[in-house]
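Listed here are the chains, written in short residue letters.
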Amino acid sequence: AINVDWLNAWDLTKDTSEGGQRLAQSVEDDAGDAGDYNGHGTHVCGIIAAQANNNVGTVGASYDAKVIPIRALDESGEGSTATIFAALSKVLELKREGENIRVVNLSLGTRRNDQANAEVVRQLAQEGVLCVCALGNECAYYNVYPADYNESLAVMSVDKDNKHTWHSNYKKDNDINTSKTISAMGGGGGSSNKDFVWSAYNESDNDYVGLVGTS
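Keep in mind it's a predicted model, so treat the numbers as computed, not measured.

Reading guide: rules and limits
- Residues numbered from 1 in each chain as written.
- Predicted model: local features only at pLDDT ≥ 70, side-chain atom pairs only at ≥ 80, totals over all residues.
- Heavy atoms only, no water.
- Core = buried A, V, L, I, M, F, W, Y, C linked by side-chain atoms within 4.5 Å.
- Buried < 20%, exposed > 50% of the residue type's maximum accessible area, 1.4 Å probe, protein only.
- Helix = DSSP H or I, 4+ residues; strand = E, 2+ residues; numbered from the N terminus.
- Pairing = 2+ DSSP bridges.
- Axes fitted to C-alpha atoms, helices over the stretch in contact; angles between N-to-C directions.
- Contact = heavy atoms within 4.5 Å.
- Expected span 1.5 Å × (residues − 1).
- Phe/Tyr/Trp six-rings, centres within 6.5 Å; stacked < 30°, edge-to-face > 60°.
- Lys NZ or Arg CZ within 6 Å of the ring centre and 35° of its normal.
- Parallel < 35°, antiparallel > 145°, perpendicular 65-115°, else oblique.
- Left-handed = near helix turned anticlockwise from the far one by under 90°.

**Q** Even after reading the chapter, I still don't get the nonpolar core, so can you show me in this structure?
**A** If you look at soluble globular proteins, the nonpolar side chains tend to sit buried side by side. Counting residues in hydrophobic clusters, the biggest one holds 23 residues, and the most contacted among them are L88, V104, L106, L124, C131 and L135. Counting only elements with at least two residues in this core, the list comes to helix 3 (81-96), strand 4 (103-106), helix 4 (115-126), strand 5 (130-134) and strand 6 (153-158). Of the residues forming this core, the biggest block, five residues, is contributed by helix 3.

**Q** What's the story with the sheet that holds strand 6 in this structure? I'm lost.
**A** What links the strands of a sheet is backbone hydrogen bonding, and the strands pair in either a parallel or an antiparallel sense. Ordered by their spatial adjacency, four strands build an open sheet running 4-5-6-7, and the pairing between neighbours is parallel. Every other strand in the sheet has two partners, leaving strand 4 and strand 7 (181-185) as the edge strands with one partner each. Neighbour to neighbour, the strand axes of the sheet diverge by 30° on average, direction disregarded. As paired elements, strand 6 and strand 7 share five bridges and run parallel to each other. Paired with V155 across the two strands is I182, which belongs to strand 7.

**Q** Mind showing me how you'd approach the sheet that holds strand 2 (residues 21-22) here?
**A** The three strands lie next to each other as 2-1-3, forming an open sheet whose pairing is mixed. Looking at the sheet topology across the chains shown, the edges are occupied by strand 2 and strand 3 (70-71). Bridge count for strand 1 (residues 10-11) against strand 2 is two bridges, and the pairing is antiparallel. Within the sheet, the bridge partner assigned to D11 lies in strand 2 and is Q21.

**Q** Teacher, can you tell me more about the side chain of T181 here?
**A** The topology assignment puts T181 in strand 7. Those residues in contact with T181, other than ones at most four positions away along the chain, are L153, A154, M156, K171 and I176.

**Q** What am I meant to see in helix 3 here?
**A** Because an α-helix packs 3.6 residues into every turn, residues spaced three or four apart end up facing the same way. For helix 3, which comprises 16 residues, the first-to-last C-alpha distance of 22 Å matches the rise-based estimate of 22 Å (1.5 Å per residue) to within 8%. By the burial criterion, the buried members of helix 3 are T81, T83, I84, A86, A87, L88, K90, V91, L92, L94 and K95. Where helix 3 is buried, its residues touch strand 1, strand 3, strand 4, helix 4 and strand 5. Downstream of helix 3 by a residue or two, G98 has a phi angle that is positive, lying close to 110°.

**Q** Help me understand the environment of G186 in this model?
**A** The residue G186 is located in the loop between strand 7 and strand 8 (197-200) in this model. When near neighbours in sequence (up to four residues on either side) are disregarded, G186 contacts S157, V158, H167, V197, L211, V212 and G213.

**Q** What is the right way to look at the packing of aromatic side chains in this model?
**A** Centre distance and the angle of the planes are the two values used to describe a pair of aromatic rings. For the structure shown, the criterion picks out two aromatic pairs. Relative to Y149, the ring of Y145 has its centre 5.1 Å away and its plane inclined at 35°; by these criteria the two rings are tilted. On the accessibility criterion, Y145 (10% relative accessible area) is buried. For Y149, a relative accessible area of 5% gives the class buried. Between the NZ or CZ atom of K90 and the centre of the ring of W10, over which it lies, the distance is 3.7 Å. Lying over the aromatic face of Y142, R111 brings its terminal NZ or CZ to 3.8 Å of the ring centre.

**Q** Help me understand the packing of helix 3 against helix 4, please; the structure alone is not making it clear to me.
**A** Helices that pack against each other are described as a pair by the angle of their axes relative to one another and the distance between those axes. Close contact between helix 3 and helix 4 brings their axes to 9 Å; oriented N to C, the two are set at 20°. Relative to helix 4, the element helix 3 lies roughly parallel. Considering how the two elements wind past one another, helix 3 and helix 4 form a crossing that is left-handed. Of the residues in helix 4, those touching helix 3 at T81, I84, F85, L88, S89, V91, L92 and R96 are A116, N117, V120, V121, Q123 and L124.

**Q** How should the side chain of T42 be read in this particular structure?
**A** Inspection of the secondary structure puts T42 in helix 2 (residues 40-49). Those residues in contact with T42, other than ones at most four positions away along the chain, are I2, D36, S199, A200, Y201 and N202.

So this is what it looks like as structure tokens:
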């Protein structure tokens, strides 16, 4: 099980001109499964905050932390800079209303440098909120946003041997800002499922899968 703050969960893929829709209402409207149609979000949340000492599944890196789900992408994992901006703005709003938000996980990216998103990431940093962002999985070198905004923490991935994974985007030696760029276990994949990152998935309460990636 994952520690989830459903009270503050929002869907920013709908009615963005009206400030979005509460995720619980959105799920009820669409008859969705716990608000995650894709599974990727559940997997990442499990890595972050899956509960400990319950004899079930995996344990999150911050198992006492609570996750606020905010949907910025659709069931296919697609979205726009506008929906990302709406989601980040909602986080900023909740923070300024007094919610104890310390970190935003952004397991998404685009090559478009959107100045509105850069500004809201900067404002979040001023409020003490760090945006931790996947650098991407195309095994390529180019700028990816929001990972490459100055205030973001960009995350590449390594395998079980602490080597750069085949899928991870990367930084050239002369372009690595060590104060904002890190590597974390991302799974090498291959023929053995031992080198995957295992976590919860969205099919059921007992569903766990192994995936790879910088998320």
